[in-house]
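So you can see what is in the structure, the chains are spelled out below.
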Amino acid sequence: MLRLPTFTYRQPTSLREALAMKADAGPDGSYVAGGTDLYPNMKRRQQEPRTVISLMGIPELRAVGRADGMTIGACVTLTQLSTHPAVRPTAYHAVAEAAELVSTPLLRNMGTLGGNLCLDTRCNYYDQSYEWRKAIDFCMKKDGAICWVAPSSPRCWAVSSSDVAPVMVAIGAEYVLTSSSGERVVPAARFYHNDGINYLTKQPDEILTAVRLPGPDGWDAVYHKLRRRGSFDFPVLGMAAWVRWDGAKVADARLVLGGVASHPLEITDAGATLSGSALEPEAIAAAAEAAFRPAKPLDNTDFDLSWRKQMTRVYVTRALEELRARRS
Ligand SMILES: Cc1cc2nc3c(=O)[nH]c(=O)nc-3n(C[C@H](O)[C@H](O)[C@H](O)COP(=O)(O)OP(=O)(O)OC[C@H]3O[C@@H](n4cnc5c(N)ncnc54)[C@H](O)[C@@H]3O)c2cc1C
Ligand code: SF4
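Counting from 1, residues in each chain are numbered in the order their sequence is written. All chains are assigned letters beginning with A, and all ligands numbers beginning with 1, in the order in which they are written. Predicted model: local features are reported for residues with pLDDT of at least 70 only, side-chain atom pairs are reported and counted for 80 or more only, and whole-chain, interface and lining totals are derived from all residues. Values reported for side chains reflect all heavy atoms of the structure, with hydrogen atoms and water molecules removed beforehand.

Asks: Hey, could you go over the pattern of salt bridges for me, with residue numbers and the actual values?
Replies: Any carboxyl oxygen of Asp or Glu within 4 Å of a side-chain nitrogen of Lys or Arg constitutes a salt bridge here. In this structure the tally under the stated criterion is 16 salt bridges. A salt bridge links arginine 44 to aspartate 127; its shortest N-O distance comes to 3.7 Å. Taken together, the residues arginine 44 in the loop between helix H2 (38-43) and strand E3 (51-54) and aspartate 127 in the loop between helix H6 (113-117) and helix H7 (130-135) connect sequence positions 83 residues apart. Residue arginine 44 shares its accessibility class with aspartate 127, and that shared class is buried. The network of salt bridges with shared partners includes Glu48, Arg133, Lys142 and Asp143. A run of H or I in DSSP becomes a helix once it reaches four residues, and a run of E becomes a strand once it reaches two; helices and strands are each numbered from the N terminus. Only protein chains enter the area calculation, which uses a 1.4 Å probe; residues under 20% of their type maximum are buried, those over 50% are exposed, and those in between are partly exposed.

Asks: Give a detailed account of the packing of aromatic side chains, specifying residues and quantitative values.
Replies: Pairing of aromatic rings covers Phe, Tyr and Trp, the last counted by its six-membered ring, and requires centre-to-centre distances within 6.5 Å; plane angles under 30 degrees mean stacked, over 60 mean edge-to-face, and any other angle means tilted. One pass over the structure, following the stated rule, counts 8 aromatic pairs. Each ring, one from tyrosine 175 and one from tyrosine 192, has its centre 6.2 Å from the other, and the planes form 85°; the classification is edge-to-face. Linking tyrosine 175 in strand E6 (residues 174-179) with tyrosine 192 in the loop between strand E7 (182-187) and strand E8 (207-213), this pair joins segments that are 17 residues apart in sequence. For the pair tyrosine 175 and tyrosine 192, a shared accessibility class is recorded, and that class is buried. The rings of Tyr175, Phe191 and Tyr192 are connected pair by pair, giving a single aromatic cluster. Here, a charge over a ring is recorded when the distance from Lys NZ or Arg CZ to the ring centre is within 6 Å and its angle to the ring normal is within 35 degrees. The ring of phenylalanine 234 has arginine 122 lying over it, and the distance from NZ or CZ to the ring centre is 3.7 Å. When the ring centre of phenylalanine 292 is taken as reference, the NZ or CZ atom of arginine 313 above it lies at 3.7 Å.

Asks: Describe the sheet that holds E7, with residues and values.
Replies: Whether two strands pair depends on DSSP finding at least two bridges between them. Here 5 strands make up an open sheet; going across it, the order is E4-E5-E8-E6-E7 and the pairing antiparallel. Two strands lie at the open edges of the sheet, namely strand E4 (64-65) and E7, each paired on one side alone. Bridging between E6 and E8 involves 5 bridges; their strand directions are antiparallel. Its bridge partner lying in E8, tyrosine 175 is registered against valine 211. The contact criterion used is simple: two residues touch if any of their non-hydrogen atoms lie within 4.5 Å. Helix axes use the C-alpha atoms of the stretch in contact, all axes being lines fitted to C-alpha atoms, and the angles between their N-to-C directions lie in the range 0 to 180 degrees. Helix-sheet contacts for helix H1 (residues 15-25) involve E6 and E8, and the interaxial angle to E8 is about 135°.

Here is the structure:
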């Protein structure tokens, strides 16, 4: 059985207190929300904080409010998000659906929106016990020097595996980050780096306090997920599609893939292809082709990688057909 190492657990009740605790703990301190990512990682010694600072006792991080769109606190659980009456039956249903597709009910009861958006990147050579990783002399993401997926590569290719992050990038959400120097707001797309080790642009002391969803002004979005076991697994391909309608035509579109890179990957060519169309079969086929080319999954998650690449076309097609069907 894998056991947690010894650590100090702190429970602030305000943002100010949490930031002070993190400053005290320095690089050995880590925030935790539901703990469904951090604690398994600590058991495998992938992350080794000596002080863990829980964000769950800070009331403002658990609020959901309407103000020029929708603001969702980072510690809202995935279960709350997927069932919330101000999210599920509204323009934001793709957010609720992506949250509902995460893992299992138990993990969604604990796991939070903020933890999902800050989720560690994943790789078959990394998500293993300490002894397993030691047997291969580790890898550059933790304790080692080489990447076993691409041995001549200077970077880590671990995969962004959050279900909700691609939706946030697709709909143009903004993240509110708070540190001792104040608050800043970043577009979701700019929160992520295409690097398996430094996958967030967030500073270590910054707390993701809330996510702002844009006002519902004529857009629609969907999220589809490919995984082995429909009741449990991480995505090996996530497909978030967003369109803004102008009458029967698409005025603007964004397609974002999860599970194929170290960040949610926006397919800009595919979005451009759809503008001005009515999502006719030809336009959808062109967008699917545009998404197929840059989707370059590596051999570090589940399934055969060439099959996963082929599935990009299928998932883009299904997502766009759903958007078209909903419009008509
Ligand atoms: C068996 C299993 C299956 C899973 N399947 C899926 C899946 O299908 N899809 C999926 O997307 N995820 C999956 N997960 C991962 C995880 O359960 C979810 O992503 C969950 O939403 C993480 O939220 P959390 O609150 O538990 O994160 P935590 O573990 O508390 O935190 C995760 C990381 O985010 C940081 N963090 C958390 N909140 C904040 C904040 N507000 N500000 C700054 N930093 C913060 C923590 O420091 C930590 O580094 C799975 C996990 C397990 C164990
Ligand atoms: S992609 Fe390479 S460096 Fe990154 S976790 Fe996997 S094996 Fe390690």
